Amino acid sequence: MNGVSLFCLVVCFFPLLESATTPQEEQQHTAINGNFMIGALFPIHHMPQSKQGRKQSYGIKCGEIREQYGIQRIEVALHTIDKINDDQTILPNITLGIEIRDDCWYAPVALQQSIELIRETIAPASIHHDSCLNITGSPRIKNAKGPLIGVVSPGSSSVALQVQNLLQLFHLPQIGYSTTSKDLSDKSRFNYFLRVVPSDYFQAQVMLDVVRFHEWTYVSIVNTDENYGQSGIQAFRELAEEADVCIAREDSVLSNSPEDTFDKVIINLRQDPNAYVVVCFCEGFTVRGLLAATKRLNMSNHFLFIGSDGWADRADVTQGLEEQAWGSISIRIHSPYVNDFDNYYWGLTPSNNARNPWFNEFWQFRFGCTLPDDATSNRIDLTPTESTQDEFDSNENMNSTMSSSTVKGNQIPEVKNEKKRICTGREDLSDGYRQDPKLSFVIKAINSFAYGLHNMQQDLCGQDFIGMCDKLLPFNGSLFKNYLLNVSFDYHGDPVEFDENGDPPGRYDIMNYQRLGDDTYDYVHVGDWNNRSLGWVKPVQFGPRAAVHSVCSQKCPMGHYKNIQLGGKDKRCCWVCVKCPAGEILDQASDSLRCEKCPLGFSPDANQTVCLRLDIVYTQWFDTQAIVAMVFASLGFVTTWFSLAIFVLYNNTPVVKSSTKELSYIILVGMMLSHGSIFAILAKPSLISCALTRFLPGLSFAMIYAALLTKTNRIARILAVSKKCFPTRKRLFMSSASQVVITTMLIAIECLISIWMLFYQRPDIAHSYHSNKTVLECNTTPEGVVTPLAFDFFLILLCTLYALKTRNVPENFNEAKFIGFAMYTTCVIWIAFVPIYFGSDSKVITMCMCVTLSATVTWTFLFIPKLYIIILRPERNNRSYFTTSKSIRCHIGSKVSTAVSTKSSVNSWRDNPSATSTTTTLAVANQQQQNIKETAPHQRSFACQTGLELLQVLLSPKILMDTYSPKKTVVPRITERNCCDAPSCCYKKITIRLPESSDA
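Residues numbered from 1 in each chain as written. Predicted model: local features only at pLDDT ≥ 70, side-chain atom pairs only at ≥ 80, totals over all residues. Heavy atoms only, no water.

**Concerning the packing of helix H7 (residues 200-213) against helix H8 (residues 227-242)**
Part 1: Running from N to C, H7 and H8 point in directions that differ by 50°, and their axes come no closer than 8 Å. When the axis of H7 is compared with that of H8, the two are oblique. Two packed elements cross with a definite hand, and for H7 against H8 that hand is right-handed. Note on element contacts: H8 touches H7 through Tyr-228, Ser-231, Gly-232, Ala-235, Phe-236, Leu-239 and Ala-240, opposite Asp-200, Tyr-201, Gln-203, Ala-204, Gln-205, Met-207 and Leu-208. (Axes fitted to C-alpha atoms, helices over the stretch in contact; angles between N-to-C directions. Helix = DSSP H or I, 4+ residues; strand = E, 2+ residues; numbered from the N terminus. Parallel < 35°, antiparallel > 145°, perpendicular 65-115°, else oblique. Left-handed = near helix turned anticlockwise from the far one by under 90°. Contact = heavy atoms within 4.5 Å.)

The following block contains the structure:
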C-alpha cells in the first residue's frame, strides 16, 4: 500500500477521530474558491499554554489571537488573491483560490490542519463526485474545489519542517514566508520546500560581518534550544571558525525556562571577563529572559548583545528592560513596507469583513469590547507561553496584546474574564497600528505561486491559449516545483528569485537599540547588508560606553608579533606581544604571528611594519674624511712637485748629483702619482675609477721603492768594495743608466701583476649592505687588493734590509741612514694598514691615508735634508762638504794583522784650481812594534786619507789602470816608491794623479 492510499484510508476515517482531536473550540478556516487552490497556515492564535492544559480533555486549545502574526497576514493574503484575480496579465480566465487555516504556532495543530488542506486533493481533479464515504455513507465532499497546488508554510521553522515531511509525500510545493532554518535548504531531505526569506546561513554571515567590522574577535554565543537557534548558531560557529573569531563561552536555553536558568546562563558567560559581546541566535523572549537576568544580577550593560531576526525590532522584548538593552544590535530581514495595505486594512470592520471568521474575535480583543450577540464575547483567554518562533518582530502592538500589568519574565500577562463594553463597530484600526514587517513576504510567497502557475500554463497550454486546458489536470506537483524554482519577478524594487536550494538572495537591516534625545528608547536602522555587502547609514550606540572591546588580547603595537597562547575553545585567540628583532618587520601574511627579515638594501621603518629602501651612499667629495684625505694628498702633491722643480733647477749641484738624480726623479714622480691616486680612490665607484684604484697605488709604490731598492743595493755594494784596496776590476751595473734600467724592470713587474689582476678579476661595482645604509663601492676582493701590493711590500722589505745593512757608513753616505728611517716608518704604516683596512668599514679612507702617508714619510726623510742644504744652506752645496776626515782602511796583502791609522790633511784638487794635476800623498805608517814584525814579516798595512774624488777613483778600477794625459802622452796615474833605501823599508810613497774633472 503506497503513501497516498494509506493517507486516503486515514482521512476517510478521520471523522471518527475528530471528537478526540478537535480543539475545545471549533477550528475555523476561510477559503476563496478558484480553479487552483493555495493553502496557507498562519499562527492566528498563540500556541497552547502547557502540556497539562492540552491533556485536560484530549483536545487542543490555542491561546490569544494575534493581530500582526495572524489577522494582518490573513487580510494581506486575501487582498493579494483579489489583486491577482483582477489582473488579466497573469492567469487570464483562471481564478486562484486560497484556503487559510490556523496552525497556532504548534506542530500538532499544523499537521492536523495540513491534513485538512490536502485530503480533498488526493483524488484527481476531474472527479467531482464523492471520493470517500464516512461510515454513514454520506458524501464528505459535495462541491469539489480546484486542486491544491501548494502551501504557504507556517511561520515557525520547527513547525514547517514537520509540515514539509507530510506535504512532500504528495509532491506539494511549500513556500516559507518566515522560516529561516538552514536545514530547510537541504534538498535531499526537503525537496519541495522553497522560501522567500533568506536562510539563517546568510543571517549568521550578517552577524559575523558586524562582529568583524567592530574588530570583536572574542565573543560568547547563546541560542534558543530548538531548531531555529541550533541551526543558526551552528552556521555562525562554522563561519566564525573560518574568520578567526574566537568563541569564549556558549550556552543554550529555552524561551520559557525559569528565571534561575537564565541566571545560570549569564553567570556562565561572565566566567570569561574579556568576552563582552554575546551573539544570540535566539527567539525574542529568549533575549528578554537574558536581559532580565542581567538586571537581576546587577550586570546591566556588562554585555553587548547581538540578536538575530527572532529579536529584530520587537517592542515586547525590551519593554521594561530598556536600560539593559541599550546599545544592543539586532538583525531584521529586509522587508518593503506594503503601502497599499494600510488603507485596505483600516477600512475593515466586523460588518464588511464576513470572509474572515476570526475578525470579530480580533475586533473584540483589539479594542477590549464585546460585539452584540457574539459567542466569543465571554471566552476565557489562556496565558500562552511564547513559541519558539524565529520571525516574531517588534511590529506587534504591545497595547493590543498585553494588559496594563507589567510583563514578567518571558510570559504574556493574563487577560482576566471580565465584563466588557459593547463594540460600536466604528473603532479605528489605525489607532496604535503597526504593520507586520512580514506582510511583504506573504505577498511574495503567494505571487510566486501565481507566476509559477502562469508560466506552467503558458508552456503546457500554449502562449495564445487563455484559461484552463486538459494538460493542466491532473495537476503535476513535481513539474510545478520546477517552474517555481525558475520564477523571477520584482516586488517594489526587491528581486524575487530562487537558487538551486530554493533560497532567495539575502538582504537585512541592522537595527541598534538607542537612547533618543527625549530619554526614550527605540530601534534605529543603522546599517544594511545586501548580498554579502555591509554598509552603515547611521552611527551605532554602545549604551553608556563610548566603545566596546571584546578581545582576548589587545592588538599588538606596531613592530610586535603575537606569541600565541591557548584561549577560548582551544583556539588561538590569546597572545603575548613580542617586539620584532632589529632588522625585521611584522609578517602581515602570517596574521602577525612572526617577523621576517628585510631584504638586503632595505631596513624597517620606525614602526617595523614595512621595509624601506636604504639610501645608497659612497664617499663624497664634501665628506669630512674625504676633505682631510684630499688636503693631505694636495699638500703632498705640491711639496713633491716643488721638490722635483728644485732638483731640476739645481740639477748639477753636488747635492743632487750625490743622490743619484735619475733615481730621485723616479721617486718624486712616484710620489706625485701616489698623491694623485687619492682622487681616483675618492671618486664615485665606476668601472674606470675602480680600475685606477687597483692600478695606481701599486704602480706609484713600485716607482718609489724600486728606485730606493736600487739605490740601497748600490750603496751596499760600494761598501763591499771598500773592504778591498785597489780592486783590479770594475763592479757591474754601478752606472746611473744601469740603475734606471734596473728600476724600470722592477716597475714593469708591478705593472704586469696589476694588469693581470685586472683581467683575472675585472673591475666592477658592488653594494655593501649595512643596517642603516647601502654603500656603493668597488667590487674588489681581498686578493685583488693584496696581490698588486704584495710585490711593493716585497720591495719595501728588501729596502729595509739594505737600509739596515748600510746603517754604519761614513758621514758623506748619511743618505742611507735616512733611507733606513723612511723604511722603518713605512713598514710600521703597512703593517698597521692590513688589519685596519680589512677590519674597517671605511676602506676608502684607510687606503687613502696609507698611500699618502707612505709617500709623505719617504719624501720627509729623503728630500727634506737635501732641500734644506739647497735652499737654506747653499754654502754646503759643494764638494768639500762631501769629504771626510775619517779613514777608510785598505788592507793590502793576503792577511792583515794590524793597521795604524794616521791622520793627514789632504786638500782636494779642486781647492787648487791652478793645478792641472794634483798629487795626493798617502802616508803609510809602518808598525813599530817589533813583535808584530817578527810574527808577520810579510804583512803590511796602511791608512789612506782622501777626499770624495779619491773615493770615486777607488770605486772605478778601470780609471786607475788607464793612463791619463791631455796631450795624448802616456802618464801613469799611480806611482809608488820606497821612502827609504833599506831593503826592509816598510814605508812607501804612493802618488795618484787625479783627473781635472770628476766626470772623467
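After that view of the structure, there is still more to cover.
**A few points about the sheet that holds strand S11 (residues 329-333)**
Part 1: Taken in spatial order, the eight strands line up as S8-S7-S9-S10-S11-S16-S17-S18 in an open sheet, and their pairing is mixed. A single partner strand is all that each edge strand has here, and the edge strands are strand S8 (246-253) and strand S18 (534-536). Taking each pair of neighbouring strands and ignoring which way they run, the sheet shows an average axis angle of 25°.
Part 2: Where strand S7 (residues 218-224) lies against strand S9 (residues 277-281), five bridges are found, and the strand directions are parallel. When the bridges of S9 are listed, Ser-220 appears paired with Val-278.
Part 3: Helix H9 (residues 259-269) contacts S7, S8, S9 and strand S10 (304-307) of the sheet and is inclined by roughly 175° relative to S8.
Part 4: Contacting S7, S8, S9 and S10, helix H10 (residues 284-296) runs over the sheet at an angle of about 175° to S10. (Pairing = 2+ DSSP bridges.)

**Observations concerning helix H4 (residues 67-86)**
Part 1: The end-to-end C-alpha distance of H4 is 27 Å, a good match for the 28 Å that 20 residues give at a rise of 1.5 Å each.
Part 2: Of all the bends found along H4, the most pronounced is centred on Arg-73 and spans about 25°.
Part 3: The element H4 is extensively covered by neighbouring structure, given that 16 of its 20 residues are classed as buried. (Expected span 1.5 Å × (residues − 1). Bend = angle between axes of the 7 residues up to and from the residue. Buried < 20%, exposed > 50% of the residue type's maximum accessible area, 1.4 Å probe, protein only.)

**Overview of the packing of aromatic side chains**
Part 1: On inspection of all chains with the given rule, the structure shows 30 aromatic pairs.
Part 2: Relative to Trp-536, the ring of Phe-213 lies with its centre 5.2 Å away and its plane at 35°, an arrangement referred to as tilted. Of this pair, Phe-213 sits in helix H7 while Trp-536 sits in strand S18, and the two are 323 residues apart along the sequence.
Part 3: What makes Phe-213 partly exposed here is its relative accessible area of 49%.
Part 4: On the basis of relative accessibility, which here comes to 24%, the residue Trp-536 falls in the partly exposed class.
Part 5: Relative to Phe-362, the ring of Phe-359 has its centre 5.8 Å away and its plane inclined at 55°; by these criteria the two rings are tilted. Highlighted residues: Phe-359 and Phe-362, both in helix H14 (residues 359-367), separated by three residues, approximately one helical turn. (Phe/Tyr/Trp six-rings, centres within 6.5 Å; stacked < 30°, edge-to-face > 60°.)

**With respect to the sheet that holds strand S5 (residues 174-176)**
Part 1: If you walk across this open sheet you meet the six strands as S1-S3-S2-S4-S5-S6, and the pairing is mixed. Looking at the sheet topology across the chains shown, the edges are occupied by strand S1 (29-32) and strand S6 (193-195). Each strand axis lies, on average, 20° off the axis of its neighbour in the sheet, ignoring direction.
Part 2: One ladder, built from four bridges, connects strand S2 (residues 36-42) with strand S4 (residues 148-152); its direction is parallel. The residue of S4 that forms the bridge with Gly-39 is Val-151.
Part 3: Packing against the sheet, helix H16 (residues 439-461) makes contact with S2, strand S3 (96-102), S4 and S5, and its axis sits at approximately 160° to S4.

**Here we look at the side chain of His-79**
Part 1: Mapping His-79 onto the fold places it in helix H4.
Part 2: Taking the relative accessible area as the measure of exposure, His-79 reaches 16% and is therefore buried.
Part 3: For His-79, the contacting residues outside a window of four places in its chain are Asp-340, Tyr-344 and Arg-355.

**Some points on the side chain of Ser-440**
Part 1: Looking at the element boundaries, Ser-440 is found in helix H16.
Part 2: The contact partners of Ser-440, leaving out residues within four places of it in the chain, are Ser-335, Pro-336, Val-338 and Tyr-491.

**Some thoughts on the pattern of salt bridges**
Part 1: In the structure shown here, the tally under the stated rule is 20 salt bridges.
Part 2: In this structure, Arg-73 engages Asp-436 in a salt bridge whose closest nitrogen and oxygen atoms are separated by 2.6 Å. In this pair, Arg-73 is assigned in helix H4 and Asp-436 in the loop between strand S13 (421-422) and H16, connecting sequence segments 363 residues apart. Here Arg-73 matches Asp-436 in class, with each residue buried.
Part 3: A salt bridge links Arg-515 to Asp-519; its shortest N-O distance comes to 3.7 Å.
Part 4: Given the relative accessible area of 33%, Arg-515 is considered partly exposed.
Part 5: Given the relative accessible area of 53%, Asp-519 is considered exposed. (Salt bridge = Lys/Arg side-chain N within 4 Å of Asp/Glu carboxyl O.)

**Observations regarding the confidence of the model for the protein**
Part 1: The predicted model of the protein averages 78 in pLDDT, with 74% of residues at 70 or higher.
Part 2: A low-confidence stretch, residues 1-7 (pLDDT under 50), is modelled with nine contacts involving residues beyond four sequence positions or located in other chains.
Part 3: Low confidence marks residues 375-417, where pLDDT is under 50. Its contacts with residues over four positions away, or in another chain, come to 147 contacts. (pLDDT = per-residue confidence, 0-100.)

**Some words on the state of the cysteines**
Part 1: According to the stated counting rule, one finds nine disulfides in the structure shown.
Part 2: Disulfide pairing is shown between Cys-461 and Cys-469; the S-S distance is 1.8 Å. Between Cys-461 and Cys-469, the S-S torsion sits near -70°, and that sign places the bridge as left-handed. A single burial state applies to Cys-461 and to Cys-469, both of which are buried.
Part 3: The disulfide that involves Cys-690 links it to Cys-778, with 2.0 Å between the sulfurs. Judged by the sign of its S-S torsion, about -90°, the bond between Cys-690 and Cys-778 is left-handed. Remark: Cys-778 occurs in strand S27 (residues 774-778) and Cys-690 occurs in helix H21 (residues 687-721); sequence separation between them is 88 residues.
Part 4: Judged by its relative accessible area of 1%, Cys-690 falls in the buried class. (Disulfide = S-S within 2.5 Å.)

**Structural notes on unusual backbone geometry**
Part 1: A cis amide bond, omega -10°, links Leu-473 with the succeeding residue Pro-474.
Part 2: You can see Pro-474 is positioned in the loop between H16 and helix H17 (477-485).
Part 3: In this structure, His-171 is a non-glycine residue whose phi angle is positive, near 55°.
Part 4: Turning to its location among the elements, His-171 is positioned in the loop between helix H6 (157-167) and S5.
Part 5: Non-glycine residue Gln-608 carries a positive phi angle of around 55°.
Part 6: For Gln-608, the position within the fold is in the loop between strand S23 (602-604) and strand S24 (611-613).

**Details of the nonpolar core**
Part 1: In this structure, Phe-42, Ile-71, Leu-96, Ile-98, Val-152, Trp-216 and Ile-446 are the most contacted members of the largest nonpolar core, which totals 99 residues.
Part 2: In this structure Val-152 touches Ile-38, Gly-39, Ala-40, Leu-41, Phe-42, Ile-175, Tyr-177, Ala-445, Ile-446 and Phe-449, once residues within four positions along its chain are discounted.
Part 3: Core analysis: the second largest hydrophobic core is formed by 63 residues, Leu-682, Leu-696, Tyr-705 and Phe-791 among them. (Core = buried A, V, L, I, M, F, W, Y, C linked by side-chain atoms within 4.5 Å.)

**Things to note about the packing of H9 against H10**
Part 1: Orientation of H9 relative to H10, taken along the N-to-C sense of each, is 75°, at an axis distance of 8 Å. Between H9 and H10, the angle falls in the class roughly perpendicular. Contacts from Glu-259, Phe-262, Asp-263, Val-265 and Ile-266 of H9 reach H10 at Phe-285, Thr-286, Gly-289, Leu-290, Ala-293, Thr-294 and Arg-296.
Part 2: Of the residues belonging to the contact of H9 with H10, the class tally is six nonpolar, three polar and three charged. (Nonpolar A, V, L, I, M, F, W, Y, C, P; charged D, E, K, R; others polar.)

**Quick word on the pairing of S3**
Part 1: When you tally the buried positions in S3, you get seven out of seven residues, the bulk of the element.
Part 2: Every second residue of S3 is oriented toward a common face, with Leu-96, Ile-98, Ile-100 and Asp-102 on one face and Gly-97, Glu-99 and Arg-101 on the other, all of them buried.
Part 3: In this structure, S1 lies alongside S3, joined through four bridges in antiparallel fashion. Across the sheet, the residue bridging to Ile-32 is Ile-98, located in S3.

**Focus on a nonpolar patch on the surface**
Part 1: Among the surface-exposed residues, Phe-637, Trp-641, Phe-642, Tyr-868, Ile-871 and Leu-872 lie close enough to one another that they form a single nonpolar patch of about 620 Å² accessible area.
Part 2: Secondary-structure elements contributing two or more residues to the nonpolar patch are helix H18 (624-649) and helix H25 (843-872).
Part 3: Structurally, the position occupied by Phe-642 is in helix H18. (Patch = residues over 30% accessible without salt bridge, like charges linked within 9 Å, V, L, I, M, F, W, Y side chains within 5 Å. Areas by Shrake-Rupley, 256 points an atom, 1.4 Å probe, with all protein chains shown as cover.)

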